[in-house]
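Chains, contacts and geometry: an overview
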Amino acid sequence: MTDAILKIENLRKVIGNRTIVSEISIELKAGEIFGFLGPNGAGKSTTIKMIVGLSKITEGTILVGGCSVTKDFKGAMNSIGCIVENPDMYEYMSGLDNLRIFAKMYRNVDEKRINEVIEIVDLDRAINHKVKTYSLGMKQRLGIAQALLHRPRLLILDEPTNGLDPAGIKELRELLRKLSIETGLTLFISSHILSEMQQMCDRVGIINEGKMITIKTVEELVNLTQENNKTILIFQTDDNEMAASLISNMKINSNLTQDGLQVETTRDRVPQIVSTLTYAHIAIYAMDKKKLQSLEDVFMKLTGKGK
Amino acid sequence: MRTFFTLVSIENTKLWKRLSTKVMLIIMIVIVIAATSGYKFYNVSNNIPNIAKVSESWQQDLQQELTVEKPKLQAMENSTDKTVRLLIGVTKKAIAENEFRINNNIKPESSKSVWTRVTDFTAKIDLYDKIIALFVIIACAATVAGEFSEGTIKMMISRPYKRHEIITAKLAATILYGLSLSVTTFVLNFIFMGIYFGFTGMDAKEMLWTSSTILYVPAVLKTLIVFGLDFLEIIVYVLLTFALSAIFRSRSIATGFSLFLLLVGGSIVQILSIYFAWCKYLPFGVADFANFVNIGALIDGTTLSFALIVMGIYSSIFCFAGYWAFIKKDI
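Residues numbered from 1 in each chain as written. Chains lettered and ligands numbered in written order. Predicted model: local features only at pLDDT ≥ 70, side-chain atom pairs only at ≥ 80, totals over all residues. Heavy atoms only, no water.

1. Regarding the overall build of chain A
- Helix and strand counts for chain A stand at 11 helices and 14 strands.
- For 307 residues, the compact-globule estimate of 2.2 N^0.38 gives 19 Å, and the C-alpha radius of gyration of chain A, at 24 Å, exceeds that figure by more than 25%.
- Referenced to the eigenvectors of the C-alpha coordinate spread, the extents of chain A come out at roughly 80 × 45 × 35 Å.
- For chain A, the proportion of its 307 residues judged to be buried stands at 50%.
- Counted over contacts in chain A with a minimum sequence separation of 6, partners at least 24 positions apart contribute 70%. (Helix = DSSP H or I, 4+ residues; strand = E, 2+ residues; numbered from the N terminus. Rg over C-alpha atoms; globule rule 2.2 N^0.38 Å. Buried < 20%, exposed > 50% of the residue type's maximum accessible area, 1.4 Å probe, protein only. Contact = heavy atoms within 4.5 Å.)

Here it is as structure tokens:
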């Protein structure tokens, strides 16, 4: 595919005799939101640092908008906007001065464009204040503003939700969604918080111990855990143990938990279970369907850290 | 080239936006005004005359001095007490100057020109170059190592610029800051010395001792040469801080080590050189270039050109190490 915005092939990073990442291959299409998932220390930041030229590439190639990061660094960097690790800005300057400094580093970024990005990230009111007075959420937005200045085709964000409160996370998610829809920006977002990725991304790549485990769409991943249409029901009765033995007599898997009795079954057998319990005079107080399997479960399963 | 100048102007903006940069300039201005005013006050309160009397028989007087100084120099050179060797350079300078006056029939001046006053005063307090170096060390550590501590270096590198362009711009901005501090100090010092003691003898001539020969040059040129030598000394310390900043990426290590070497490095090497001749090749012993002109060689057997060559080599090493560390190391 030639229209890939980001193309990583067999990326490898060795420091001393330690292999930090290896065999990483990713290809991003224009306009998609890609989630780069992995536990802490899996090699997410190292990979991102190699994409933006902070870290030397030991082996493999990275093409950004068709330009090789090693051979045509300037060309590659012209199509990337990024925040690596924290949105570190010059704290002793105002937000506007920060943006002006970064704007100077590109051709074709004028004062009008600066005001445009300030409006996009909604920082109008605080833009003349010193960055050291900013909250983390505001710094994150200023970080995104500086990354958008030169109208990049690819926006790379490293753990953007780190340290944000739920409201801040929601705000950020909406902003990123909006950017992706309105400007066709391609997003590459790393995170170790899985539920966020589920809500934000089109595709997710999972990395563990420096290796790419899988790259799938969010639906594909969620389906991975829902084997043969079984769902889990949680029963709350006056005698859970009795109920458990009755249900196991019906050759249905169940186990007792703090929340109640978890029963793994298919839809058509539910009436049968209920009537059996009622017949045995067991009072049923509640019956809940367990939440849909999330990426969390998939992740644990794939990285082998689950059970 | 256009992109490079953009980078320098960016670094310059960042440097001047720091409060400390402005404060250091103000401190420098206050120091110059206080020092020159204090000197004037001291001269007035102790009735030190502005004009010295030069006797008609100055040639005989100088000749007499020579007959005292020459055996003294010989005694020093043959002395078993090595510590007296520290004074050899000073004595050599005095002998050479007196001989030059006698041979070329140059009468000692009855009143100093404004240029001579500026140079003499700067040499006498021997403070300006050290304080400027101190301030530039702080600024250099902030622009190079500071960006690593603050994390902002990531924002600089992931841009359409090569690393060597970015680091060269940083170095250039720091040196420009050193230059603006030096020029401000020099100009203020000149103006205040002129106001307090008169703008006299603008076209006077002066002897310039390089620890090997004497040149007879316009006083303004000598003053500018001394200024240039002081500035070169500052650049040596800038390059040292630059290298330490790029290698250790820690503001405190870079500032601390550079300051230590600035304040005591020279003296340690000078003392060691009394006992071991090869120690004169160690860095910083001869880094105060202006001393060669103002006082004479502090380490026996060194000259101004020797100092410039030795420190030039060390500076290139610092420069190379800084670039290498900045370009090659991962961030």
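Additional details are given in the paragraphs that follow.
2. Some points on the packing of aromatic side chains
All names here are of chain B.
- By the definition in use, this model includes 20 aromatic pairs over all chains.
- Aromatic side chains Phe121 and Tyr128 sit 6.4 Å apart centroid to centroid with 70° between the ring planes, which places their arrangement in the edge-to-face category.
- Given the relative accessible area of 4%, Tyr128 is considered buried.
- When the ring of Phe190 is compared with that of Phe199, the centres are 5.6 Å apart and the planes differ by 55°; the resulting orientation is tilted. (Phe/Tyr/Trp six-rings, centres within 6.5 Å; stacked < 30°, edge-to-face > 60°.)

3. Quick word on the packing of helix 3 (residues 58–78) of chain B against helix 4 (residues 88–104) of chain B
Residue and element names in this part refer to chain B.
- It is at 9 Å that the axes of helix 3 and helix 4 come closest, and there the two elements cross at 150°. Judged on the interaxial angle alone, helix 4 and helix 3 are roughly antiparallel. Between helix 3 and helix 4 lies a crossing whose hand is left-handed. Residues Trp58, Gln59, Leu62, Gln63, Glu65, Leu66, Glu69, Lys70, Leu73, Met76 and Glu77 of helix 3 form the contact with helix 4, whose participating residues are Ile88, Thr91, Lys92, Ile95, Asn98, Glu99, Arg101 and Ile102. (Axes fitted to C-alpha atoms, helices over the stretch in contact; angles between N-to-C directions. Parallel < 35°, antiparallel > 145°, perpendicular 65-115°, else oblique. Left-handed = near helix turned anticlockwise from the far one by under 90°.)

4. Let's talk about the interface of chain A and chain B
- With 29 residues of chain A at the interface, the matching set in chain B holds 29 residues.
- Where chain A abuts chain B, roughly 2800 Å² becomes buried across the two surfaces, and 56% of that area is made up of carbon and sulfur atoms.
- Looking at the side of chain A facing chain B, the largest losses of area belong to Leu54(A), Tyr92(A) and Met105(A), adding up to 25% of the total buried there.
- Taken together, the connections running from chain A to chain B amount to 5 salt bridges.
- Our enumeration of links across chain A and chain B arrives at 20 residue pairs in polar contact (both at pLDDT 80 or more).
- Among the elements of the structure, helix 2 (73–78) and helix 3 (95–104) of chain A are those that each provide at least two residues to the side of chain A that touches chain B.
- Residue composition of the side of chain A that touches chain B, by class: 15 nonpolar, 5 polar and 9 charged. (Buried area = accessible area lost by both parts, 1.4 Å probe. Salt bridge = Lys/Arg side-chain N within 4 Å of Asp/Glu carboxyl O. Polar contact = N/O pair within 3.5 Å; in protein donor to acceptor, adjacent residues only side chain to side chain. Nonpolar A, V, L, I, M, F, W, Y, C, P; charged D, E, K, R; others polar.)

5. Examining the side chain of Lys14(B)
- As for its placement among the helices and strands, Lys14(B) is situated in helix 1 (residues 2–17).
- Classification of Lys14(B) as buried rests on a relative accessible area of 2%.
- Excluding residues that lie within four positions of it along the chain, Lys14(B) makes contacts with Tyr90(A), Tyr92(A), Met93(A), Ile101(A), Glu147(B), Met156(B) and Lys170(B).

6. Examining the sheet that holds strand 4 (residues 59–64) of chain A
Residues and elements named next belong to chain A.
- With antiparallel pairing, 4 strands are arranged side by side in an open sheet as 2-1-4-5. Every interior strand has two partners, whereas the edge strands, strand 2 (18–28) and strand 5 (67–68), have only one.
- Bridge analysis of strand 1 (residues 6–15) against strand 2 gives 7 bridges, and the strand direction is antiparallel. Among the inter-strand pairings, Lys7 is bridged to a residue of strand 2, identified as Glu27. (Pairing = 2+ DSSP bridges.)

7. Details of helix 6 (residues 166–183) of chain A
All names here are of chain A.
- For helix 6, built from 18 residues, the straight-helix expectation of 26 Å at 1.5 Å per residue is met to within 8% by its first-to-last C-alpha distance of 26 Å.
- Among the residues of helix 6, those classed as buried are Gly168, Ile169, Leu172, Arg173, Leu175, Leu176, Leu179 and Ser180. Mapping the buried residues of helix 6 onto a view down its axis gives an arc of 165°, with all of them on the same face. What points out from helix 6, more than 90 degrees from its buried face, is the exposed set Pro166, Ala167, Ile181 and Glu182.
- Gly184 sits one or two residues past helix 6 and shows a positive phi near 70°. (Expected span 1.5 Å × (residues − 1). Arc of directions from axis to C-beta.)

8. Brief notes about helix 9 (residues 219–248) of chain B
Residues and elements named next belong to chain B.
- Taking 1.5 Å as the rise per residue, helix 9 with 30 residues should run 44 Å; its terminal C-alpha atoms sit 44 Å apart, in good agreement.
- The buried count for helix 9 comes to 22 of 30 residues, which makes it a mostly enclosed element.
- In the stretch just after helix 9, Arg249 is the one whose phi turns positive, near 55°.

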